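Coordinate analysis (summary)
Given next are the chains, with one letter for each unit.
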Amino acid sequence: QRCYEGLFSPDSARVIYNGIPLASINSFRAVQSRDVVRKELGYDKDDLLILHIGTVCKRKAQLVTAQAFSKLRTRVDFKDKKPKLLMVGARYIRQHEIEYIEAIKKELEESGSTSSATILDVRKMVLPFYLASDVVVCPSINEVLPLVICEAMAFERPVVASRIDGIPEALTDGVEGYLV
């Protein structure tokens, strides 16, 4: 908000928040079993599934997620849980996308996290991933208000997100998740 100060009169603009297809999400949740979806995706009950969903690019900071996951696996005692990372949204179209995905894979490989992480291509139907997840991460470095946060909250999943732009307007630190 501060970056727009002085550019226009406060009375001449309105904030219109993003919407999500809540009826569709609720219909999906009503007929799907979380345990069945997790099993179909290859996850067990004792897996702690961390989901990062969105087009894989520097702006969405999946490399930051991979680095944090690498540290998390070695520094936190999860007792009976096995942390797993699922990234959805890889595209192999532009050279910079390919290089960024390779950097993510390199981080996971060098930290010994490859067997605990999965990177999937862009998917049209993403609702099963939210249902299967335990926590959703959104460490973006440039966002307005990511729909992923709204969708994660519709699935009642905690969100760990960057404290930038419109994210703090949608996510209350310590309530729906955590702002970092």
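Residues numbered from 1 in each chain as written. Predicted model: local features only at pLDDT ≥ 70, side-chain atom pairs only at ≥ 80, totals over all residues. Heavy atoms only, no water.

So, about the overall build of the protein. Helix and strand content of the protein: seven helices and six strands. Secondary structure of the protein in N-to-C order comes out as α-α-β-α-β-α-β-α-β-α-β-α-β. For the protein, whose C-alpha radius of gyration is 17 Å, the value lies close to the compact-globule estimate of 16 Å for 180 residues. Once the C-alpha set of the protein is aligned to its principal axes, its extents read approximately 55 × 40 × 35 Å. Each of the 180 residues in the protein was classed as buried or not, and the buried ones make up 41%. (Helix = DSSP H or I, 4+ residues; strand = E, 2+ residues; numbered from the N terminus. Rg over C-alpha atoms; globule rule 2.2 N^0.38 Å. Buried < 20%, exposed > 50% of the residue type's maximum accessible area, 1.4 Å probe, protein only.)

Take the side chain of Ser116 next. Structurally, Ser116 is set in the loop between α4 (95-110) and β3 (117-121). Given the relative accessible area of 11%, Ser116 is considered buried.

What follows is about the sheet that holds strand β5 (residues 159-161). Strand order across the open sheet formed by six strands is β3-β2-β1-β4-β5-β6, with parallel pairing between neighbours. Each end of this open sheet is capped by a strand with a single partner; those strands are β3 and β6 (177-179). For this sheet, the mean inter-axis angle between neighbouring strands, taken without regard to orientation, is 20°. Pairing between strand β1 (residues 47-53) and strand β4 (residues 135-138): two bridges, direction parallel. When the bridges of β4 are listed, Ile50 appears paired with Val135. Relative to the sheet, helix α3 (residues 62-75) contacts β1, β2 (82-90) and β4, its axis offset from that of β2 by approximately 170°. Strand contacts of α4: β2 and β3, with the helix running at about 165° to β3, the strand carrying the most contacts. (Pairing = 2+ DSSP bridges. Axes fitted to C-alpha atoms, helices over the stretch in contact; angles between N-to-C directions. Contact = heavy atoms within 4.5 Å.)

Right, let's talk about the pattern of salt bridges for a bit. Under the counting rule described, the total for this entry stands at 13 salt bridges. Here Lys60 makes a salt bridge to Glu143, at a shortest N to O gap of 2.8 Å. With Lys60 in the loop between β1 and α3 and Glu143 in the loop between β4 and α6 (147-154), the pair connects residues that are 83 residues apart, well separated along the chain. In this structure, Lys60 and Glu143 share a single accessibility class: buried. Note that Arg91 and Glu97 form a salt bridge whose closest N and O atoms lie 2.3 Å from each other. One salt-bridge network, held together by shared partners, links Asp46, Asp47, Lys82 and Lys84. (Salt bridge = Lys/Arg side-chain N within 4 Å of Asp/Glu carboxyl O.)

With that out of the way, let us pick up the side chain of Glu97. Structurally, Glu97 is set in helix α4. Residue classification places Glu97 among the buried positions, given a relative accessible area of 2%. Within polar-contact distance, the side chain of Glu97 engages the backbone nitrogen of Arg94 at 2.9 Å. With residues up to four places along the chain from it excluded, the contact list for Glu97 reads Val56 and Arg91. (Polar contact = N/O pair within 3.5 Å; in protein donor to acceptor, adjacent residues only side chain to side chain.)

Mapped onto the secondary structure, Tyr100 falls in helix α4. Among the residues examined, Tyr100 registers a relative accessible area of 7% and is labelled buried. Note: C-alpha distance between Tyr100 and Glu169 (69 residues apart in sequence) is 29 Å. Excluding residues within four positions of it along the chain, Tyr100 makes contact with Val56, Cys57, Lys58, Ala61, Gln62 and Leu63.

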